[in-house]
Amino acid sequence: ALLSVEVSLVSTVIDGVVYNCAFVRSLTQRNAIKQQTDELMFALENASDAIYIYDRAGTIHYANPTACEALGYSRDEILTVSIGDLDPLFSETSNLAFWQEIGAKPLYKQTQHRRKNGSLYPVEILASATHIGQEDSVVVFVRDISERVRAEQAIRDSEEKFRLIADTSPVALLICDAGGGQMHYANSRAGAMFGFDCQNLPASQLRDLLSGVSVDPDVIEQVVRGQMLMNQELMLSNDQLLIWVSFNTSSFTLAGNDVQCIALMDITEARELSNQLSYQATYDDLTGLVNRREFEDRLQEVIELTHKRQSDNVLCYLDLDQFKVINDTCGHMAG
């Protein structure tokens, strides 16, 4: 096996004879340390996160290329600035508190960094205290979280838009577990319809909620099992509630979980209007009796049943003498 060594030769003359004295030192450990150092520097220089080292005074002693690029400084420039130039919240008081806190354990936090051009961007940092020579230093790993912050803000904006639309909707909305019925969301219309605070959902299952308003048990089972219902008209009733609703359900996946959305639209007014129109089309407003068209329809039904059942029926025609004179002279209300 070959061994890396360092050799020093010293020549001397003893009794007229020249001797060479060789001092041999193994380089194995030194080479191993150098290799580890080279590997560490390669990792630091090519890391995707910004890394820099500074001392208690805030002077930066090292910054990798990612840090220089993110902050907009050259390698020489960044070694002339202090941590106070990067951290907009830096002060003597905050620096003292930082060193007191980081002495016990690595410190993680989200903050902002200032670029060379003065613009700020959000970062998360992981800082660890260390010693370089006789000097206290801190190694900081910095990750730019601008994209994450924008994505989180977009999610919050989307949630706010959904909540605004849902809470101003005339449709009562409930979201619950598919197949289980544990409720996760109810808009303000649902809270008003069922009589609970939508910010504090009742602990009961959807089954209990619908049972409390006298929904057909068969329908409840269909809903709990996740079956789709479209425009099914149901009456909801209890001591405080008596309305007709159009019942609709749909299932979808939310955050990896199967959930079910129940939409209930109050159609009481529309149903009453429909009943009123049906009554007006069938009955005479003045007498309250069926009108001629309805009479003829019912007469036709009787005739058809007579042929099927071979039954006997009687049609009576009643004439009131001079009744037309009463209507003509005194009006239909008097007649």
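Provided above is the structure to which this section pertains.
Colleague: Would you mind showing me how to read the state of the cysteines here?
Modeller: A covalent bond between the sulfur atoms of two cysteines is referred to as a disulfide. What the rule picks out here adds up to zero disulfides. Cys176 carries a free sulfur, and the closest cysteine sulfur to it, the one in Cys261, is 8.7 Å from it. For Cys176, a relative accessible area of 1% puts it in the buried group.

Colleague: Would you take a moment to explain the environment of Glu269 for this structure?
Modeller: Residue position: Glu269 is located in helix α10 (residues 268–282). Residue Glu269 is classed as exposed on the basis of its relative accessible area of 66%. In this structure, the C-alpha to C-alpha distance between Glu269 and Ile243, residues 26 residues apart in sequence, is 8.9 Å.

Colleague: Looking at this structure, how should I read the packing of aromatic side chains?
Modeller: The geometry of an aromatic ring pair comes down to the distance between the two centres and the angle between the two planes. As enumerated under the stated definition, the model contains five aromatic pairs in all. Here Tyr52 and Tyr54 contribute two aromatic rings whose centre-to-centre distance is 6.2 Å and whose plane-to-plane angle is 35°, an arrangement assigned as tilted. On the basis of relative accessible area, Tyr52 is assigned to the buried category, the value being 2%. Here Phe162 and Tyr185 contribute two aromatic rings whose centre-to-centre distance is 5.5 Å and whose plane-to-plane angle is 50°, an arrangement assigned as tilted. With Phe162 in helix α6 (residues 146–167) and Tyr185 in strand β9 (residues 183–186), this pair connects stretches of sequence that are 23 residues apart.

Colleague: What should I look at first to understand a nonpolar patch on the surface in this one?
Modeller: Judged by side-chain polarity, Leu3, Val5, Val7, Leu9 and Val24 come together as a nonpolar surface patch covering roughly 470 Å² of accessible area. Of the residues forming the nonpolar patch, the biggest block, three residues, is contributed by strand β1 (residues 5–14). Looking at where Val7 falls in the secondary structure, it is placed in strand β1.

Colleague: What's the story with the nonpolar core in this structure? I'm lost.
Modeller: If you look at the biggest cluster of nonpolar residues, it comprises 28 residues, and the most contacted ones within it are Leu174, Phe194, Leu206, Leu236 and Leu264. Those elements giving two or more residues to this core turn out to be β8 (172–177), β9, α7 (188–194), α8 (206–211), α9 (217–224), β10 (232–237), β11 (242–254) and β12 (257–266). At four residues, α9 tops the list of elements feeding residues into this core. With residues up to four places along the chain from it excluded, the contact list for Leu174 reads Met183, Tyr185, Ala186, Ala190, Phe194, Phe196, Leu206, Leu209, Gln260, Cys261, Ile262 and Leu264.

Colleague: So what exactly am I meant to see when it comes to the sheet that holds strand β7 (residues 135–144) here?
Modeller: Spatially, five strands are ordered β4-β3-β7-β6-β5 in an open sheet, and the strand pairing comes out antiparallel. The open sheet is flanked by β4 (60–63) and β5 (107–114), the only strands paired with a single partner. Pairs of neighbouring strands in the sheet enclose a mean axial angle of 30°, with direction left out of account. Here strand β6 (residues 120–132) pairs with β7 via 10 bridges, running antiparallel. Paired with Ser128 across the bridge in β7 is Val139. Across the face of the sheet, α6 comes into contact with β5, β6 and β7 while running at roughly 135° to β6.

Colleague: Is there a simple way to think about the pattern of salt bridges in this case?
Modeller: Oppositely charged side chains may form a pair once their charged atoms are brought near each other. Scanning all chains against the criterion turns up 13 salt bridges. Residue Arg298 pairs with Glu294 through a salt bridge whose shortest N-O separation is 3.0 Å. Placement of the pair is Arg298 and Glu294 together in helix α11 (residues 292–309), with a separation of four residues, close to one helical turn.

Colleague: Can you walk me through the side chain of His113 in this structure?
Modeller: Relative to the assigned elements, His113 resides in strand β5. At 2.8 Å, the side chain of His113 forms a polar contact with the side chain of Tyr52. With residues near it in sequence (within four places) discarded, His113 still touches Tyr52, Leu71, Leu86, Pro88, Ser119, Leu120, Tyr121, Val123 and Val142.

Colleague: Honestly, unusual backbone geometry in this entry has me stumped. Any pointers?
Modeller: If a residue is not glycine, its phi is most likely negative; likewise, a peptide bond is most likely trans. Backbone geometry places Asn231, a non-glycine residue, at a positive phi of 50°. Mapped onto the elements of the fold, Asn231 is located in the loop between α9 and β10. On the basis of relative accessibility, which here comes to 54%, the residue Asn231 falls in the exposed class. Non-glycine residue Gln322 carries a positive phi angle of around 60°. Following the sequence through the fold, Gln322 ends up in the loop between α11 and α12 (323–330).

Calculation criteria
Residues numbered from 1 in each chain as written. Predicted model: local features only at pLDDT ≥ 70, side-chain atom pairs only at ≥ 80, totals over all residues. Heavy atoms only, no water. Disulfide = S-S within 2.5 Å. Buried < 20%, exposed > 50% of the residue type's maximum accessible area, 1.4 Å probe, protein only. Helix = DSSP H or I, 4+ residues; strand = E, 2+ residues; numbered from the N terminus. Phe/Tyr/Trp six-rings, centres within 6.5 Å; stacked < 30°, edge-to-face > 60°. Patch = residues over 30% accessible without salt bridge, like charges linked within 9 Å, V, L, I, M, F, W, Y side chains within 5 Å. Areas by Shrake-Rupley, 256 points an atom, 1.4 Å probe, with all protein chains shown as cover. Salt bridge = Lys/Arg side-chain N within 4 Å of Asp/Glu carboxyl O. Core = buried A, V, L, I, M, F, W, Y, C linked by side-chain atoms within 4.5 Å. Contact = heavy atoms within 4.5 Å. Pairing = 2+ DSSP bridges. Axes fitted to C-alpha atoms, helices over the stretch in contact; angles between N-to-C directions. Polar contact = N/O pair within 3.5 Å; in protein donor to acceptor, adjacent residues only side chain to side chain.

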